[in-house]
Amino acid sequence: MPKALSEQETESFRERICAVAARLYVEEGPVAVTMRRIATELGIGTMTAYRYYPNKDSIMTAVRTRGMHRFSQCLEDALAQPGDGRSRSRAVRDAYIAFARTNTATYRLMFEYPEPRQDDPAYQEAHRRMWQTITAHVDAMAAEGLIEVDAPIFGHQIWASLHGAVMLEIANMLPPGQDAASLHTRTVTALIDYASPIQTAVRDDCIPS
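On a predicted model such as this, the values are computed, not experimentally measured, just so you know. (Residues numbered from 1 in each chain as written. Predicted model: local features only at pLDDT ≥ 70, side-chain atom pairs only at ≥ 80, totals over all residues. Heavy atoms only, no water.)

## Topic: the overall build of the protein chain
A tally of regular secondary structure across the protein chain gives 10 helices and zero strands. Its helices and strands taken in sequence order, the protein chain reads α-α-α-α-α-α-α-α-α-α from the N to the C terminus. Principal-axis analysis of the C-alpha atoms places the extent of the protein chain at approximately 75 × 35 × 35 Å. Evaluated residue by residue, the protein chain yields a buried proportion of 40% over its 209 residues. Long-range pairs, those at least 24 residues apart, make up 65% of the contacts in the protein chain between residues at least 6 apart in sequence. In the structure as shown, the protein chain presents an accessible area of about 11500 Å², 55% of it carried by carbon and sulfur atoms. Between the averaged position of the 22 positive side-chain charges in the protein chain and that of its 26 negative side-chain charges there is a distance of 8 Å. (Helix = DSSP H or I, 4+ residues; strand = E, 2+ residues; numbered from the N terminus. Buried < 20%, exposed > 50% of the residue type's maximum accessible area, 1.4 Å probe, protein only. Contact = heavy atoms within 4.5 Å. Areas by Shrake-Rupley, 256 points an atom, 1.4 Å probe, with all protein chains shown as cover. Lys, Arg positive; Asp, Glu negative; His and termini not counted. Charge placed at Lys NZ, Arg CZ, Asp CG, Glu CD.)

## Here's the deal with helix 9 (residues 180-194)
Helix length check: helix 9, at 15 residues, gives a terminal C-alpha distance of 21 Å against a target of 21 Å (1.5 Å per residue), a fit within 8%. Buried within helix 9 are the following residues: A180, A181, H184, V188, L191 and I192. Here helix 9 starts with a cap whose side-chain oxygen sits 3.3 Å from the backbone nitrogen of A181, and that cap is D179. (Expected span 1.5 Å × (residues − 1). Polar contact = N/O pair within 3.5 Å; in protein donor to acceptor, adjacent residues only side chain to side chain.)

## Points about the pattern of salt bridges
The full count for this structure, using the stated rule, is 13 salt bridges. A salt bridge links R70 to E15; the nearest nitrogen and oxygen atoms lie 3.4 Å apart. Of the two residues, R70 is situated in helix 4 (residues 56-79) and E15 in helix 1 (residues 7-28); the sequence distance between them amounts to 55 residues. A relative accessible area of 28% means that R70 is categorised as partly exposed. A salt bridge links R23 to E27; the nearest nitrogen and oxygen atoms lie 3.8 Å apart. With R23 and E27 both in helix 1 and four residues apart, the pair spans about one turn of that helix. On the basis of relative accessible area, R23 is assigned to the partly exposed category, the value being 29%. For E27, a relative accessible area of 58% corresponds to the exposed category. (Salt bridge = Lys/Arg side-chain N within 4 Å of Asp/Glu carboxyl O.)

## Describing the layout of surface pockets
Any space left empty among the atoms is revealed by the rolling of a water-sized probe across them. The space that makes up the largest pocket amounts to roughly 230 Å³. As for the largest pocket, its lining consists of 19 residues, and the residues nearest its centre are S89, R93, H137, I158 and H184. Elements supplying a minimum of two residues to the lining of the largest pocket: helix 5 (85-102), helix 7 (121-143), helix 8 (151-170) and helix 9. No other element matches the six residues that helix 5 contributes to the lining of the largest pocket. (1 Å grid on protein atoms, 1.4 Å probe; cavity = no way out; pocket = protein on both sides within 12 Å on 5 of 7 lines; lining within 4 Å. Points joined across faces, edges and corners; volume = space filled by probe spheres on them.)

Below, the structure is given as structure tokens:
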């Protein structure tokens with residue numbers, strides 16, 4: 001009879017299953033993700049894998065769900081650091097890039113491939129949490145009067161820029177001497193300058209009454 005695992009050991013093993021599934025999906029495609037292949041990669045029996053997840057679809061949803069929670073936690077921890085809004089926003093950027101570099105397969109699976117089970121309650125909760133992190137650092141800058149923006153839209157502009165820079169870095173397609181952080185800094189600086197109250201006032205003055 002197999003030894004009963006503690007809750008922590010069970011959680012750790014589920015994480016290992018998710019990590020293998022994400023890697024196989026991104027590197028070899030959906031067809032490579034089978035319970036048998038996952039078990040082989042982990043050196044366990046196929047039936048053992050079924051003790052943790054009922055099928056491969058539940059594993060793929062778990063990859064995204066767990067990934068979004070870990071991703072959100074990284075950004076939340078970064079935003080909670082001391083400093084002004086702009087420095088905290090940079091900390092969020094750095095945490096974002098660090099997550100993508102450390103968890104590349106999970107990151108790609110979260111954002112490159114659609115989730116077929118979007119009605120899964122756990123997935124929906126993780127998704128809502130992740131979306132909230134998109135505007136949190138923008139809200140911090142707006143609260144200090146650094147920018148005047150529609151926070152959700154501006155947050156998505158920043159996110160789109162950062163995601164693009166990260167994906168170019170992952171694909172090794174950035175110019176020599178550049179990385180995701182340096183490329184994104186150029187873009188976000190222009191965005192923040194454009195959204196500053198002074199620039200907003202200037203643009204408003206230029207609009208004919």
